[in-house]
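Structure at a glance
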Amino acid sequence: MTPGRAIPPGCAFVRRVLAGLVLLTATACATGPSLENQGEVTAPPGDSRELTIGSAGFTESDLLAQLYALLLERAGYSADMISVTNREIYEPALESGQIDVVPEYAATFADWLNAKVNGADATPVGSPDLAATMKALRALAAPRGLTVLDPGRAVDQNAFAVAASYAEKHGLKTLSDLGAAKLPVRLAAGDECVQRPYCAPGLRKTYGIDIVAVDPKGVGTTQAKQAVQNGQDQLVLTTTTDATLDQFGLVLLADDKKLQNADYVVPVVNRARAGSDRVRDALGRLNTVLTTADLASMNQQVDSWRRLPEDVARNYLESKRLIPKE
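Here's what I pulled together on the structure shown here. (Residues numbered from 1 in each chain as written. Predicted model: local features only at pLDDT ≥ 70, side-chain atom pairs only at ≥ 80, totals over all residues. Heavy atoms only, no water.)

With that out of the way, let us pick up unusual backbone geometry. Backbone geometry places lysine 182, a non-glycine residue, at a positive phi of 55 degrees. On the secondary structure map, lysine 182 appears in the loop between helix H8 (175–181) and strand S6 (184–189). Although it is not a glycine, lysine 258 adopts a positive phi angle of roughly 55 degrees. Tracing the backbone through its elements, the reader meets lysine 258 in the loop between strand S9 (250–253) and strand S10 (265–270). (Helix = DSSP H or I, 4+ residues; strand = E, 2+ residues; numbered from the N terminus.)

Let's shift gears to the side chain of asparagine 299. The residue asparagine 299 is located in helix H13 (residues 292–303) in this model. Looking at asparagine 299, its side chain comes within polar contact range of the main-chain oxygen of threonine 241, at 3.3 Å. For asparagine 299, the contacting residues outside a window of four places in its chain are Thr59, Glu60, Leu63, Thr241 and Ser304. (Polar contact = N/O pair within 3.5 Å; in protein donor to acceptor, adjacent residues only side chain to side chain. Contact = heavy atoms within 4.5 Å.)

Here we take up the state of the cysteines. Across all of its chains, the model carries one disulfide by this definition. What pairs with cysteine 193 in a disulfide is cysteine 199, and their sulfur atoms sit 1.8 Å apart. Handedness here is read from the sign of the S-S torsion; for cysteine 193 and cysteine 199, about -85 degrees, the answer is left-handed. (Disulfide = S-S within 2.5 Å.)

Turning next to the pairing of strand S3 (residues 101–105). Among the five residues of S3, five are classified as buried, and the element is accordingly described as predominantly covered. Where burial is concerned, the two faces of S3 agree: the one with Val101, Pro103 and Tyr105 and the one with Val102 and Glu104 are both buried. The pairing of S3 with S10 spans five bridges and is classified as antiparallel. Each bridged residue has a counterpart across the sheet, and for glutamate 104 the counterpart in S10 is valine 266. (Buried < 20%, exposed > 50% of the residue type's maximum accessible area, 1.4 Å probe, protein only. Pairing = 2+ DSSP bridges.)

Tallying each qualifying case throughout the model produces 12 salt bridges. Its salt-bridge partner being aspartate 47, residue arginine 49 comes within 3.5 Å of it at the nearest N-O pair. Since its relative accessible area comes to 30%, aspartate 47 is described here as partly exposed. Three or more residues are tied together by salt bridges with common partners; here these are Glu91, Glu95, Lys116 and Arg144. (Salt bridge = Lys/Arg side-chain N within 4 Å of Asp/Glu carboxyl O.)

Overall, the coordinates contain one aromatic pair when judged by the stated rule. Aromatic side chains phenylalanine 109 and tryptophan 112 sit 6.3 Å apart centroid to centroid with 10 degrees between the ring planes, which places their arrangement in the stacked category. Here phenylalanine 109 pairs with tryptophan 112, and both are found in helix H5 (residues 106–118), just three residues apart, close to one helical turn. Residues phenylalanine 109 and tryptophan 112 agree in their burial class; the two are buried. (Phe/Tyr/Trp six-rings, centres within 6.5 Å; stacked < 30°, edge-to-face > 60°.)

Contact geometry of H13 with helix H14 (residues 309–319) gives a least axis separation of 9 Å together with a crossing angle of 145 degrees. Regarding H13 and H14, the two cross each other, and that crossing is right-handed. Within the contact between the two elements, H13 uses Asp294, Met298, Gln301 and Val302 and H14 uses Pro309, Val312 and Tyr316. When the residues that make up the contact of H13 with H14 are grouped by side-chain class, the tally is five nonpolar, one polar and one charged. (Axes fitted to C-alpha atoms, helices over the stretch in contact; angles between N-to-C directions. Left-handed = near helix turned anticlockwise from the far one by under 90°. Nonpolar A, V, L, I, M, F, W, Y, C, P; charged D, E, K, R; others polar.)

Ordered by their spatial adjacency, five strands build an open sheet running S7-S6-S8-S5-S9, and the pairing between neighbours is mixed. Looking at the sheet topology across the chains shown, the edges are occupied by strand S7 (210–216) and S9. Looking at each pair of strands side by side, their axes are set apart by 40 degrees on average, direction ignored. Bridge analysis of strand S5 (residues 158–163) against S9 gives four bridges, and the strand direction is antiparallel. Note that in S9 the partner of phenylalanine 160 across the bridge is leucine 253. Each of S5, S6, S7, strand S8 (235–239) and S9 touches helix H10 (residues 222–229); the most contacted strand, S8, lies at about 145 degrees to it.

Further remarks concern the packing of helix H3 (residues 59–74) against H13. Contact geometry of H3 with H13 gives a least axis separation of 10 Å together with a crossing angle of 110 degrees. Relative to H13, the element H3 is oriented roughly perpendicular. Touching Thr59, Glu60, Leu63, Leu64 and Leu67 of H3 are Leu295, Met298, Asn299, Val302 and Asp303, all from H13. (Parallel < 35°, antiparallel > 145°, perpendicular 65-115°, else oblique.)

Next up, the structure:
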C-alpha cells in the first residue's frame, strides 16, 4: 500500500486539511472509553446522522473512504472526509468520536491493537485464518468502543511477483512452483523483509524458495519492479491490489500455502456514534460487489490515469447500481 498523490477538489481539500490539523492537535490526549467505564462500551449503538469518514492518506484508503461516504450519503447520512496518515493519530480519534468510520485491514489492525494493548512484543493475533483474525480483532476493538463490521471479498495482502517471461520459462504459477524449481532468487523488497516471517524467512520455510539475497528497494516501488523486469532480481514484494504489474511485464505468483495474513478490507466504526444497523447495512452493500481486482482497477485509475478518488468511487458505485447516476 503506497501513498497516493491525487488531490480532491479545492473546497473539499481545504475542509479536509483544516479538519486534519484540528485532529492532530486534539487527539494528542484523546482516548476512547476506559476499560474501567464499561457503560460507554455496552450502551446501545449510536446513530449520528452527521458522520466523519477517515482516510489513512494513501490512494486505496482514499478510495475506500469515498466509497463509504457515498454509500452513507445514499442511506441518508451527512458524511465529511478527513485524511490522517498516521494510525497512532487516527485510531485514538476513532475511539473518541472525532472520526466515526475508517477503512482498515483485518490482520494488520488486529496486530496493531494487540501491540497497543499488550505491548510491542505481544504474540501476533493476525493470521491467514480470516475467522480467527476477525474474532481476535473484535475482542480487542470492543473494549475501546469500536465495532468491526463484516469483511467482504476484497483483500490487500502482501504478494510476490516475477517477470512474465521468467514465469513462462520455468513454468511458474505459484510460490510452490518457484520453491520446487530450486532456482536462486534475489528478492526486491524492504529492509524489514530480511526478518519478517511473511517475507524472506517465510518464503524459505513455507515454500523452500532459495532466497540468496534481499535487494532493499522497497515494497512495490518502481525501482523494485524495474529490478525484476531487467533481471537484476527475480522476485518482488508488492501487494494483491497493485495495478501496475502489467506495465513492468510482471505477474503474481499465487500464495497457495497461505503464508500471508488475512488482510481483508473491514470498516471500523465508533460504536457510540455509528454502530447502528443502518450504518452496518449501508456499508455492507459494498461486500456483495467489491473484489480485490476491483480495488486494483480503481487504484490504477487514480495512480496511473490521474483521476480523482471521488470520481472513481462514484463511477464504481453507479456501475454496480449501488447509488443512482447523477
